[in-house]
Amino acid sequence: MLSLEVALARMLERVGPLPAATVGLDDALGRVLAEPITARVTLPPWDNSAMDGFAVQAADVTGATKRWPKTLTVVGESRAGHPPEGTVRSGTAMRILTGAMLPPGADAVVPVEATDAPEGVAALPASVVVMGAAAVGANVRRAGSDLRQGDRLLEPGSRVSAAAVAVIAAAGHGSVRVHRRPRVAVLATGDELVEAGAVLGPGQIHDSNAPALAAQARQVGAEVRRLGIAHDTLAEVERRLAEAVAWADVVIVSGGVSVGAHDMVKSAMERFGPLDLWRVAIQPGKPLAFGRAVGPEGGPVLMFGLPGNPVSTFVTFEIFVRPVLRRLAGDADPLARDTVRARLSSALTSAKDRRAFLRVALRPDTSNGTGWLASSAGGQGSHVISALATADGLAIIPEGVDRLEAGAEVEVWRLEGA
């Protein structure tokens, strides 16, 4: 059997990011940057107020209290989008709204709550009574305190999150260069399968693999096309694969990759390019097919044949397909996982000769206030799909270990979206 690392290295060999394109910010979410993002502007572009209140000279309100207030003449107003007209001099103040430009001469802002001015909508007063001191710089956001023009903000290979969209827009960019989304074709095989929601006939079950694989691929940011269910005939599997190879960057087929009398996938995939059928030392998911076809424009199309058992399909996608899709999408570190250390709340058993990825549920470890507890999410058989619903992580049991007792520490991959 191949080790996980050897199998994954072979899959990632000669796989690079897909071409880049310029897209608007509304289309950037979940895509991977192809170029760095640098600030085109300074933010804030000028000193501005962090509070609704009055811009003053700090020296004028030194020692001000409710018992010993200071009265200042109001000389105008500064509000967002309207630069102040006038200057704050000793003995004067200017009403200022949050985010508005600090007027010339002012070096502090007194909150409206520390004055006799009414809160909310109100006419501009002729004077204001200040009942609290403000040091130089109080409630003032300095120009450039967030970012400065030319600052490098985001690196190539980073995925664009909602927060990143905010940063990119604030930095002055209306579009970004990102890698194309991987195109993924998903095909389920098996005479026993019918589409989810269909009425079941004798010997039939609903296909859960293709919907799950499509969802997993979309989580990575892929564009997904489902090709339905192929019956166990070589001609039908070949026809569906031809459709997939004509469109996709990656083809994922579930089922039919073992050595049974009706396992047609390996033979069908070999019609499109060289294929390896591997036995990988993992649990679940030992049989695995991988190959490379040639697309209509001469580029490579990666082909994955995953086991038909639902849990094996789910886990092998997480181990092998997800990193490949992330590299195609341009991720700087496609092998990175959200990983935690957890303490087992009950014993786990596994196959001694394979690295096991067992479904667990995580909860905070309240015994010491830090860390995590992991418990089995249910039956660990590769057919027990119900355990996926409650699992939010995969506990990794190394080769050579067939049992870990309660209290043992394990590494856990947190499942995306769980």
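Residues numbered from 1 in each chain as written. Predicted model: local features only at pLDDT ≥ 70, side-chain atom pairs only at ≥ 80, totals over all residues. Heavy atoms only, no water.

K.L.:
Whenever I open this one, the overall build of the chain confuses me. Can you help?
P.N.:
Scanning the chain from terminus to terminus reveals seven helices and 27 strands. In summary, the chain has a C-alpha radius of gyration of 31 Å against a globular reference of 22 Å for 418 residues, an excess of more than 25%. Here the C-alpha coordinates of the chain stretch approximately 95 × 55 × 45 Å along the principal axes. The contacts of the chain with a sequence gap of at least 6 include a subset with a gap of at least 24, amounting to 71%. Of the accessible surface of the chain, which amounts to about 19,100 Å², a share of 53% is contributed by carbon and sulfur atoms. Side chains of the chain carry 42 positive and 44 negative charges; the gap between the two charge centres is 2 Å. (Helix = DSSP H or I, 4+ residues; strand = E, 2+ residues; numbered from the N terminus. Rg over C-alpha atoms; globule rule 2.2 N^0.38 Å. Contact = heavy atoms within 4.5 Å. Areas by Shrake-Rupley, 256 points an atom, 1.4 Å probe, with all protein chains shown as cover. Lys, Arg positive; Asp, Glu negative; His and termini not counted. Charge placed at Lys NZ, Arg CZ, Asp CG, Glu CD.)

K.L.:
Is there a simple way to explain the packing of helix H3 (residues 209-219) against helix H6 (residues 310-329) in this structure?
P.N.:
Helix-helix packing is described using two parameters, namely the angle between the two axes and the distance between the axes. Two elements in contact, H3 and H6, have axes separated by 10 Å at closest approach and are oriented at 25°. Taken together, the axes of H3 and H6 are roughly parallel relative to one another. As H3 packs across H6, the resulting crossing turns out to be right-handed. In this structure, H3 uses Asn 209, Leu 213, Gln 216, Ala 217 and Gln 219 to contact H6, whose residues at the interface are Pro 310, Thr 313, Phe 314, Phe 317, Glu 318, Arg 322 and Leu 325. (Axes fitted to C-alpha atoms, helices over the stretch in contact; angles between N-to-C directions. Parallel < 35°, antiparallel > 145°, perpendicular 65-115°, else oblique. Left-handed = near helix turned anticlockwise from the far one by under 90°.)

K.L.:
Is there a simple way to think about the pattern of salt bridges in this case?
P.N.:
A side chain of one charge can pair with a side chain of the opposite charge if their charged atoms are brought near each other. Enumeration according to the criterion identifies 22 salt bridges in this entry. The closest approach of N and O atoms between Arg 177 and Glu 35, which form a salt bridge, is 3.9 Å. Of this pair, Arg 177 sits in strand E11 (residues 175-179) while Glu 35 sits in the loop between strand E1 (20-24) and strand E2 (37-38), and the two are 142 residues apart along the sequence. Overall, Arg 177 belongs to the partly exposed group, its relative accessible area being 32%. Salt-bridge contacts for Glu 236 lead to Arg 240; the nearest nitrogen and oxygen are separated by 3.2 Å. (Salt bridge = Lys/Arg side-chain N within 4 Å of Asp/Glu carboxyl O. Buried < 20%, exposed > 50% of the residue type's maximum accessible area, 1.4 Å probe, protein only.)

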